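# Fold and geometry: a report
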Amino acid sequence: MKYTVITGASSGIGYETALAFAARGKNLILVARRLDKLEELKSAILDIDPTINVIVHTSDLSVTDQAYTLYNNLKEYQIETWINNAGLGEASFVAEQNLDKVETMLRVNIEALTILSTLYVRDYVDIEGTQLINVSSGLGYAIAVGSVTYSASKYYVSAFTEGLAKELEIKGAKLKAKVLAPAITETEFVKKSLDAEDFDYKANMPKYHTAKQMAGFMLDLYDNNEGVGVVDQNYNFNLRGPIYPIISEF
C-alpha cells in the first residue's frame, strides 16, 4: 500500500492538498502539531472515500529531533510522494524581528525540510513514480522588504530543491524533486506571521488565491514533468523548468 505524506496538514494549503489527493484515492499520512485538526481532516477525508487509509502523526518540526523521529516512525510505510508543506512566517523589519520566532521559523522552513528531504531521497531515489514536493513561496524568488528573513528562508527552499532536482537528473534517479511557490494565499499564515488575531484578505489584499486553488496547482505540478510551479506577480500559475542558474561540477 502506497502513501502520500503531507506536513503542515492541519490547515491551509496542506489541508486542501490532503482533500485533493484523497479525491484521487490516495492513502495519506497527515502530519501537524494539532491532533484535533488532524482528526477533523481525517473525518472529512473518510466522508469523501471511506476506503482511503488515513494515518495521522503529531510532530513539532521546529524541534530538530522530532523531524528525525517523524521520518523513522514512517519507515514501515511505502511512501510514493512526500510533500514538505509545513512552514512559518515572520513579517517585520530585520532590526525589529522577534529572534525567538525567527529561530523557530528557520528550524521549520530550512532545517526540518532539509532533514526530511534528505532522508526521503536516500530511501526512495531509485523507486519509480516517487516525488518530493517542497513548498517554497513567490518570495523564494523575490525579496520582500519587511519579510526579508522569511523571504531568505524560502530562497533556500527554492535553491535547495532546484539543485536537488538537478542532482537527481544527473544520477538518472527515478525520484523527482519539485518546488511549489505560492503567492499570497488565504490561510492562517499571514495572521500568524503578523501575530494578529485575524486578517481580512478581501479588505487588505487586491489579489490572492484560496488554499483550494493552491491545492489544485499542487496537483498540476504533481502531474507535470516540469519541476517548478510558481505563481507570478500577476497571480498566474506557471509550470516551468529551474529558475536559478545551476552550475554542475560533474
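On a predicted model such as this, the values are computed, not experimentally measured, just so you know. (Residues numbered from 1 in each chain as written. Predicted model: local features only at pLDDT ≥ 70, side-chain atom pairs only at ≥ 80, totals over all residues. Heavy atoms only, no water.)

## Side note on a nonpolar patch on the surface
Inclusion rule: Patch membership requires more than 30% relative accessible area and the absence of a salt bridge. Residues of like charge join within 9 Å; the nonpolar side chains Val, Leu, Ile, Met, Phe, Trp and Tyr join within 5 Å. Computed with the Shrake-Rupley method and a 1.4 Å probe, the accessible areas treat only the protein chains shown as cover for residues. Any carboxyl oxygen of Asp or Glu within 4 Å of a side-chain nitrogen of Lys or Arg constitutes a salt bridge here. Put simply, DSSP H or I for four residues or longer makes a helix, DSSP E for two residues or longer makes a strand, and each gets a number counted from the N terminus.
Among the surface-exposed residues, Val94, Ile143 and Val148 lie close enough to one another that they form a single nonpolar patch of about 260 Å² accessible area. Looking at the element boundaries, Val148 is found in helix α5 (residues 148–170).

## Points about the packing of helix α1 (residues 12–22) against helix α2 (residues 35–48)
Our working rule: Fitted lines through C-alpha atoms give the axes, limited to the stretch in contact for helices. The angle between two N-to-C directions lies from 0 to 180 degrees. Any angle from 65 to 115 degrees is called roughly perpendicular, while one under 35 is roughly parallel, one over 145 is roughly antiparallel, and all others are oblique. By the definition used in this description, the sense in which the near helix is turned from the far one sets the handedness, with an anticlockwise turn below a right angle giving left-handed and a clockwise turn giving right-handed. Note on definitions: a residue-residue contact is assigned when non-hydrogen atoms from the two residues lie within 4.5 Å. In the scheme used here, Gly and all other residues not listed as nonpolar or charged are polar, with Ala, Val, Leu, Ile, Met, Phe, Trp, Tyr, Cys and Pro taken as nonpolar and Asp, Glu, Lys and Arg as charged.
Where α1 meets α2, the axes come as close as 10 Å, and the angle between the chain directions of the two elements is 25°. Put simply, α1 runs roughly parallel to α2. Of the two possible hands of crossing, α1 and α2 adopt the one that is right-handed. Each of Tyr15, Ala18, Leu19 and Ala22 in α1 lies in contact with α2, whose residues at this interface are Leu41, Ala44, Ile45 and Ile48. Partitioned by chemical class, the residues of the contact of α1 with α2 number 8 nonpolar, no polar and no charged.

## Some remarks on the environment of Ala22
Here Ala22 lies in helix α1. Along the sequence, Ala22 and Leu46 sit 24 residues apart, while their C-alpha atoms lie 8.7 Å from each other. Excluding its chain neighbours within four sequence positions, the residues that come into contact with Ala22 are Leu28, Ile45 and Ile52.

## Quick notes on the layout of surface pockets
Put simply, the rule is: Put plainly, a pocket is an open set of points on a 1 Å grid over the protein atoms alone with protein on both sides within 12 Å along at least five of seven lines, a cavity is a set where a 1.4 Å probe fits but cannot get out, and a lining residue has an atom within 4 Å of a point. Grid points are joined across faces, edges and corners, and a volume is the space filled by probe spheres set on the points.
Taken as a whole, the second largest pocket holds about 410 Å³ of empty space. Lining the second largest pocket are 24 residues; nearest its centre among them are Ala165, Lys176, Ala177, Asn225 and Gly227. Contributing elements (two or more residues each) for the lining of the second largest pocket: α5, β6 (176–181) and α8 (211–223). If one sorts the elements of the lining of the second largest pocket by residue count, α5 sits on top with 6 residues. Taken together, the residues of the lining of the second largest pocket break down into 10 nonpolar, 7 polar and 7 charged.

## Focus on the pairing of strand β2 (residues 27–32)
For clarity, the threshold we go by: Think of it in three bands: with a 1.4 Å probe and only protein chains considered, a residue is buried below 20% of the maximum accessible area for its type, exposed above 50%, and partly exposed in between. Note on pairing: DSSP must find at least two bridges between two strands before they are called paired. Crossover handedness is defined here as right-handed if the route from the first strand over the helix to the second strand goes clockwise, with the strands pointing away from the viewer.
In terms of burial, β2 is largely enclosed, as 6 of its 6 residues are buried. Neither face of β2 is exposed, since Asn27, Ile29 and Val31 on one face and Leu28, Leu30 and Ala32 on the opposite face are all buried. Alignment of β2 against strand β3 (residues 54–58), held across 5 bridges, turns out to be parallel. The partner of Ile29 across the bridge, within β3, is Ile55. In terms of handedness, the path from β2 via α2 over to β3 forms a crossover that is right-handed.

## Section: the packing of helix α3 (residues 64–73) against helix α4 (residues 99–124)
With their axes 10 Å apart at the nearest point, α3 and α4 run at an angle of 25° to one another. With respect to α4, the axis of α3 lies roughly parallel. The crossing of α3 and α4 is right-handed. On the side of α3, the interface is formed by Thr64, Ala67, Tyr68, Leu70 and Tyr71, while α4 contributes Arg107, Glu111, Ala112, Ile115, Leu116, Leu119, Tyr120, Asp123 and Tyr124. Of the residues contributing to the contact of α3 with α4, the split by class is 10 nonpolar, 1 polar and 3 charged.

## Section: the pattern of salt bridges
The full count for this structure, using the stated rule, is 5 salt bridges. In this structure, the salt-bridge partner of Arg24 is Asp223, at a minimum N-O distance of 2.6 Å. Of the two residues, Arg24 sits in the loop between α1 and β2 while Asp223 sits in helix α8, which places them 199 residues apart along the sequence. One salt bridge connects Arg107 with Glu103, and the closest N-O pair in it is separated by 3.9 Å. On the criterion of helical spacing, the pair formed by Arg107 and Glu103 is a turn pair, its members being 4 residues apart in helix α4. On the accessibility criterion, Arg107 (26% relative accessible area) is partly exposed. The class of Glu103 is partly exposed, set by a relative accessible area of 44%.

## Topic: α8
Stated formally: Under the convention used throughout, the expected extent of a helix is 1.5 Å for every residue step, that is, one less than its residue count.
Taking 1.5 Å per residue as the helical rise, α8 with its 13 residues ought to reach 18 Å, and the 18 Å between its terminal C-alpha atoms agrees with that figure. Those residues of α8 lying buried are Ala211, Met214, Ala215, Phe217, Met218, Leu219, Leu221 and Tyr222.

## Some words on unusual backbone geometry
In this structure, Tyr235 is a non-glycine residue whose phi angle is positive, near 65°. Tracing the backbone through its elements, the reader meets Tyr235 in the loop between β9 (228–231) and β10 (237–240). Residue class for Tyr235 comes out buried when judged on its relative accessible area of 18%.

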